[in-house]
Amino acid sequence: DVTYSTFNLRDPIIGGYTPDKIALRRAIIMGYRDDEERRIVRKGQMRYIAMPVPPGVVGFDPNYKAVDHYDPVLANKLLDHFGYRKGADGYRTLPDGKPLVIQYATGATAIEREFSELWKRSMDDIGLHIDFDIGKFADHLKAAKACHLMMWGAAWIADWPDADNFMQLLYGPNTGQSNNGCYESKSFDRMYEASTHLPIDSPERMRLFLDMARQMQGDGAWQVSGSRLRNELLLPWVKGYKK
């Protein structure tokens, strides 16, 4: 599977495709302490992946290099460059001077509280004020499909072992269905549509998946955390076990 956080690309604060909005999202991605999520919150039961496709799936490339990685120093420089200045309280404003508050949708479970604390520490490192919208999953899902959530954590388990299963989550026409970040990129959509007409294991299709990953990361569409690990203990005399 893949765990990630979506950005609402239609949101007036964090959405949009202008350089300043892309810079804001990519700074958030670079400011997030993803290694702490894997080591501390997930107790080591998660592996790092650089692209939005997990190992064991056709389209995964172990040599792929992520566009962004954890770098709070660079994230701060990026925000400074695009005019997200810090106020007297230490938090940044929008380039026009208006307040900048990130709203992250979450729940009230113990692990969700851990995630909220991690996001708070991470965003404090780069001077961004983050608040948490605590609610029920069903309510958040309904709001996401209506493009009303600014940010939300998610996970996707492959229904079939092919990168299409994950790339369709970013396909523009799937907004309101499986594309909960409301990401709409003409370049991405053209590549996705082209990939559906190619043989499953063809080099041409593989290149398109890599280019799609670069496109969505260049646009700052998702913050990708990793792929979770699961452990099962079977006694040696158990035969024919099926999860």
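Given the structure is predicted, the values throughout are model-derived calculations rather than measurements.

Draft legend 1. Seen up close, the packing of aromatic side chains. Under the defined criterion, the tally for this structure stands at 8 aromatic pairs. With a centroid separation of 3.8 Å and 15 degrees between ring planes, the pair formed by tyrosine 4 and tryptophan 222 is classed as stacked. Of this pair, tyrosine 4 sits in strand β1 (residues 2–7) while tryptophan 222 sits in strand β6 (residues 222–228); the two residues are 218 residues apart in sequence, bridging distant segments of the chain. Classification of tyrosine 4 by relative accessible area gives buried; the value is 7%. By way of ring pairs, the aromatic residues Tyr32, Tyr104, Trp119 and Phe132 are connected into one cluster.

Draft legend 2. Broad picture of unusual backbone geometry. Phi angles above zero are rare outside glycine, and cysteine 147 is one such case at about 60 degrees. By secondary structure assignment, the location of cysteine 147 is in the loop between α5 (137–145) and β5 (151–156).

Draft legend 3. Expanded view of the pairing of β5. Judged from the 6 bridges that link them, β1 and β5 form a sheet pairing that is antiparallel. Its bridge partner being in β5, valine 2 is matched across the sheet by tryptophan 156. Pairing analysis gives 2 bridges linking strand β3 (residues 101–106) to β5, with the strands arranged parallel. What sits directly across from alanine 105, in β5, is tryptophan 152.

Cut-off values and rules
- Residues numbered from 1 in each chain as written.
- Predicted model: local features only at pLDDT ≥ 70, side-chain atom pairs only at ≥ 80, totals over all residues.
- Heavy atoms only, no water.
- Phe/Tyr/Trp six-rings, centres within 6.5 Å; stacked < 30°, edge-to-face > 60°.
- Helix = DSSP H or I, 4+ residues; strand = E, 2+ residues; numbered from the N terminus.
- Buried < 20%, exposed > 50% of the residue type's maximum accessible area, 1.4 Å probe, protein only.
- Pairing = 2+ DSSP bridges.

That is the geometry; function is a separate question.
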